[in-house]
Amino acid sequence: MHFSPWRTAIIAIVAVFGILMAIPNLLDKDQLAAWPDFLPKQQITLGLDLQGGSHLLLQVNRDSIISERIKDLRRDVRSTLANDNGIGNLITTSTDSITVELTDPSQKDAAMAAIEGLQNNISGTFGAGGTPELAFSETPDGKIVVSLTPDGISARMSALVAQSIEVIRNRIDEVGTTEPVIQRQGDDRVLVQVPGFADSTRLKELISRTARLTFHLVHPSMTAAQAEAQGIPSGYYILPSADGGDELLNENVELGGESLTNAQPGFDQQNSRSVVSFQFDTRGAIVFGEITSRNVGKRFAIVLDNQVITAPVIQQPITGGSGQISGNFTPQSAADLAVLLRAGALPATLDIVEERSVGPSLGQDSIEAGVLAGIVGAIAVVLFMIAAYGWFGVMADIAVALNVTLILATLSALGATLTLPGIAGIVLTIGMAVDANVLIYERIREERAAGRSVIAAIDSGFSRAMATILDANITTLIAAVVLFFLGSGPVQGFAVTLAIGILTTLFTAYLVTKFMVSRWYAWFRPKTLKIGLLRPVPDGTKISFMRWRKMLVTFSVLASLLSLGGAFIPGLNFGIDFKGGSAIEVRAQDGEADPAEVRALLAPLDLGEVQVQNFGTPEDLLVRIELQPGDDAAQQAAISRVETVLQGDAYEIRRTESISGTVSSELATTGIIGLSVALLGILVYLWFRFEWQFAVGAIIATAHDVILTIGFFAFTGMEFNASSIAAVLTIVGYSLNDTVVVYDRIREYRLKYKKTNLSELIDIAINSTLPRTILTSFTTFVALMALVVFGGEVIRSFTASMAWGVFVGTYSSIFIASPILIYLGLKSRADVAEAKETPKRADGAAV
């Protein structure tokens, strides 16, 4: 119990550092500006669910890349053969290749040599080497086939993602938002998070629109309708026009948007309409002047993203290097188009595969709900610990308060993001941090009851409880690590706070609490030691738990079968995370929301199955739209139509989420992998720390808890989404925490009691840990129920399932994990001795 000066100094330094790092999070902007510069000023970054904003996951459209590359390749091959080498040809295209038929087959070798000159090696990572993009071959009838290689397509996609990130960053910077997150995910995705930008519709338009501007000559004598009837002339193609018609355009790009140096919104006073004025660079101005000089009297089309915006007749040469685009623009759309043109075109089409946006009002509500839940849970835990342990409870509460402070300080120092599930992680940490103190205090009481002196009981209590605390928390840490690496968004935020909370718990529960207890003993030198005041479970219980094992194991098997059946009938209420689709949370501006009214408003949109239900308060509704047929653009169009109908004076859009079928299947797969990896990691750890029977027993008990939790979701009808996987993994950690505490005592008593059979030994172990089990379960349950009641509807299924998990985990650690050891053949010393002394018949059976 002696603390050297350096250990005392470490505790003091960490505590002061934590307090100074956490304080800035309590200051507003003015107070933070007045905070001394030599002190830390970094604050925790709030997640989008707390401060509002938009989250978009974009995926490069592979089909569009191939289509555009084939179109360019077709034009390049025709130009190389006909214009540069005078070789006549007829080109046909397929999905990823073109076939060249020569009018003079004798020129095949010359044609092949010319075409092979178009080979393009795409640079690899850091510019190393290069991947050939094209493959060349011949058909038996003498035709030349040029195809795109799979590796070349993948390399081009990877390069385009890097280019797209820069373009997106330029566009967002033009809008003036602060601290956007734009990063690559995998080979073909870009993650964009923009805090404080709740207008997801405008953000999607700014980010995902390709904004590829090109100029084409219109066919001088044939209309698009005539071309469709008579056949499209070679070198021309048909594009839709903004006015609802079609135009027949020359496929050659006379000039591209890459030559623009500036674009600004403007207003045409003569025609009373918004326009976008643009300016070319020197080369672009010369080319534009040459084109307009050669084609006076002809129509010249301005094409934006494969749609003809306008196609005016060239009245005279335009040599000034500037012009304007007119169309059906509003001032806002003209300003946004100018932003897109200034930032540059995206090199590829980006599909929105995941969207999450939160309005500022919902973000503020979430902060208030999370803080309220945290305060209520903390007060309940503090009061209960004082009631249960008196002055020792006060010391435990101080340690828990420092624990929370260190969590906030660590989040600030790491620049981590705090999400609403992250707040839930902190509240859960409060409950679990109490467990470490309860383990220590109960162990001190046992040592004192065994006849040790006050100082010896305190010292032994801390040292003996530490091994159990380590085993119990490492299993939860394994689940948190798996959640971080396999989860996404808010789930990762929960994993970060849970993992940090486990580490700070080990520091505060052991070092800080031990330091306070040692100082208390040094000052007062008590002759007696009274730790427990309120005892929910009386000391010295002798409940024969193993006598009921057959009945309770049978009950648990039946409950597990019922839960598994419930997963199919009635089935889980899967959220959009797992089946795709969209969810929109709205709030009625005046009075209570009417689900029937909203259903009637949305019925004419013909969006398939649309669910409208109350969500939390009477003013809030949740609208769920099934996954729309077609591509991701169809889902985004459906969201826009719903928002257009509902947004206005009647309803406020508070939150929007949209998950594509691709991402939903990935989330389901990742969830299964995460649960499997967590269980495997825990199995390996427990096998290393205990005997194999303990590891297998813990996994069986954990599987029981997971199955009953799935049954909880099935029979309550609560939504099962990505955060539910996080809840299940947390339940796994908590259940194992409980189980390891019991197992650790069984292992200790197997060495201590040499003449007690295993069934009696397990009863003794469970009874000795029962006060700790009930106290810890109660405090954790109280903290979670504060989240269930006050934490808001968004995380209610998440917190309610964890509260259920506390109950189930406590049950399984006593009635499943313990008796399983008997069925798995674990023996006590008395059982082994009895087996050796029992005489055997010749056939091996006991006499």
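Described in the following lines is the structure provided in the data block. Throughout this document, residue positions are counted from 1 along each chain, in the order its sequence is written. Per-residue local features are limited, in this predicted model, to residues with pLDDT of at least 70; the limit for side-chain atom pairs, both in listing and counting, is 80 or more; totals at the level of whole chains, interfaces and linings are taken over all residues. With hydrogens and water set aside, each side-chain value is computed from the structure's full complement of heavy atoms.

### Structural notes on the sheet that holds strand S18 (residues 308-310)
Backbone hydrogen bonds are what pair the strands of a sheet, in a parallel or an antiparallel way.
Turning to step 1, where the next piece is worked out: As summarised here, the arrangement of the four strands in space is S14-S11-S17-S18, forming an open sheet in which the pairing is antiparallel. The open sheet has two free edges, formed respectively by strand S14 (255-256) and S18, since each of these has just one partner strand. Strand pairing is assigned whenever DSSP identifies at least 2 bridges connecting the two strands. Helix numbering and strand numbering both begin at the N terminus, where a helix is a DSSP run of H or I of at least 4 residues and a strand a DSSP run of E of at least 2.

### Description of the packing of aromatic side chains
Turning to step 1, where the next piece is worked out: Each pair of aromatic rings taken from Phe, Tyr and Trp, with Trp reduced to its six-membered ring, is defined by centres within 6.5 Å and is described as stacked if the planes are under 30 degrees apart, edge-to-face if over 60, and tilted in the remaining cases. For the structure shown, the criterion picks out 26 aromatic pairs.
Turning to step 2, where the next piece is worked out: Consider the rings of Phe215 and Phe278, whose centres lie 5.9 Å apart with planes at 55 degrees: the pair is tilted. Of this pair, Phe215 sits in strand S11 (residues 213-217) while Phe278 is found in strand S16 (residues 273-280), placing the two residues 63 residues apart along the sequence. One exposure class covers both Phe215 and Phe278, and it is buried.
Turning to step 3, where the next piece is worked out: What links up through ring pairs into an aromatic cluster is the set Phe574, Phe578, Phe712, Phe713, Phe720, Trp804 and Phe807. Here the term buried applies to any residue with accessible area under 20% of the maximum for its type, exposed to any over 50%, and partly exposed to those in between, with areas from a 1.4 Å probe on protein chains only.

### Let's talk about unusual backbone geometry
Turning to step 1, where the next piece is worked out: Across the junction of Ile569 and Pro570, the peptide omega takes the value 5 degrees, indicating a cis bond.
Turning to step 2, where the next piece is worked out: Its identity as a non-glycine residue notwithstanding, Asn306 has a phi of 60 degrees, on the positive side.
Turning to step 3, where the next piece is worked out: A positive phi angle, close to 55 degrees, is found at Asp606, a residue other than glycine.
Turning to step 4, where the next piece is worked out: Inspection of the secondary structure assignment puts Asp606 in the loop between helix H18 (595-602) and strand S24 (610-615).

### Here we look at the environment of Ile325
Turning to step 1, where the next piece is worked out: Looking at where Ile325 falls in the secondary structure, it is placed in strand S19 (residues 322-326).
Turning to step 2, where the next piece is worked out: Since its relative accessible area comes to 1%, Ile325 is described here as buried.
Turning to step 3, where the next piece is worked out: Distance from Ile325 to Thr513, taken between C-alpha atoms, is 72 Å for residues 188 residues apart in sequence.
Turning to step 4, where the next piece is worked out: Here, two residues are considered to be in contact whenever any of their heavy atoms come within 4.5 Å of each other. Excluding residues within four positions of it along the chain, Ile325 makes contact with Leu213, Val275, Val276, Phe278, Ile302, Ile309 and Leu341.

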